[in-house]
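Chains, contacts and geometry: an overview
Chain by chain, the residues run as shown.
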Amino acid sequence: MVALPDESLVAKYASGCNEAFDVLLRRHQSRLFSYILSVVKNRDMADDIFQDTFVKAIMTIKQGRYSESGRFFSWLTRIAHNLIIDTFRQAKAENVVSADAGETDVLNRRELSEGNIEDHLASVQIDRDVRRLVAALPDNQREVLEMRYYRDMSFKEIADLTNVSINTALGRMRYAIINMRRLAERNHIALTV
């Protein structure tokens, strides 16, 4: 039976000869597992995907839905590839993070903690500094910036309201931001926590 081609072994397995599938498994297991492991880079995950691949292959053959004549290993690889994609999609959807993955505690991060008094005070100070910088801008730049950020207006709405072109409104916004950066740098104002 070891000398039979894959297609003959698939046909024998479909008609009830379990030994035929054992031969197929031994023939392709090493190469298929190496492929899966090279993609997922995790032995446990590779084991799971490898087993799921053969379970799916068994089910498909038993249901009489296998029709890849002459390309059994390619068919197995395609099943494995699709399972790998599904695994990564599921992990991404669940947003799973292992705290054991690195040397540092990934859950001990500032952005995951509740705010504290220092953060609040820094935020209040930044807000004051930004308002001072905005107040120091030329009138036309301050007007565009306030409409955009404080009133959430589109550049089209700003252009219509101020009777200028959209490009002029965009230019004023650009210069407002450049001027605010210069003023912050000149006055040693940090605008981040």
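In this report, we go over the structure that sits alongside the text.

Let's talk about the pattern of salt bridges
- For the structure shown, the criterion picks out 5 salt bridges.
- With its nearest N and O atoms 3.5 Å apart, the salt bridge here joins Arg 131 to Asp 127. In this pair, Arg 131 and Asp 127 both sit in helix α5 (residues 117-135), 4 residues apart, roughly one turn of the helix.
- Residue Arg 131 is classed as partly exposed on the basis of its relative accessible area of 46%.
- Overall, Asp 127 belongs to the partly exposed group, its relative accessible area being 38%.
- Lys 156 is the partner of Asp 160 in a salt bridge, and the nearest nitrogen-oxygen pair spans 3.1 Å. Of this pair, Asp 160 and Lys 156 both sit in helix α7 (residues 155-162), 4 residues apart, which is roughly one turn of the helix.

Points about the packing of helix α6 (residues 139-150) against α7
- Where α6 contacts α7, the axes come no closer than 10 Å and their chain directions differ by 135°. Our classification of the angle between α6 and α7 gives oblique. Crossing of α6 against α7: the hand is right-handed. Across the interface between the two elements, Glu 143, Val 144, Met 147 and Arg 148 from α6 touch Phe 155, Ile 158, Leu 161 and Thr 162 from α7.
- Broken down by class, the residue content of the contact of α6 with α7 amounts to 5 nonpolar, 1 polar and 2 charged.

Overview of unusual backbone geometry
- Here the phi dihedral of Asn 163 falls at roughly 55°; this positive angle occurs in a residue that is not glycine.
- Within the fold, Asn 163 resides in the loop between α7 and α8 (166-186).
- Judged by relative accessible area, which is 71%, Asn 163 ranks as exposed.
- Phi angles above zero are rare outside glycine, and His 188 is one such case at about 55°.
- Tracing the backbone through its elements, the reader meets His 188 in the segment after α8.

Conventions we followed
- Residues numbered from 1 in each chain as written.
- Predicted model: local features only at pLDDT ≥ 70, side-chain atom pairs only at ≥ 80, totals over all residues.
- Heavy atoms only, no water.
- Salt bridge = Lys/Arg side-chain N within 4 Å of Asp/Glu carboxyl O.
- Helix = DSSP H or I, 4+ residues; strand = E, 2+ residues; numbered from the N terminus.
- Buried < 20%, exposed > 50% of the residue type's maximum accessible area, 1.4 Å probe, protein only.
- Axes fitted to C-alpha atoms, helices over the stretch in contact; angles between N-to-C directions.
- Parallel < 35°, antiparallel > 145°, perpendicular 65-115°, else oblique.
- Left-handed = near helix turned anticlockwise from the far one by under 90°.
- Contact = heavy atoms within 4.5 Å.
- Nonpolar A, V, L, I, M, F, W, Y, C, P; charged D, E, K, R; others polar.

Distances and angles like these do not, on their own, reveal function.
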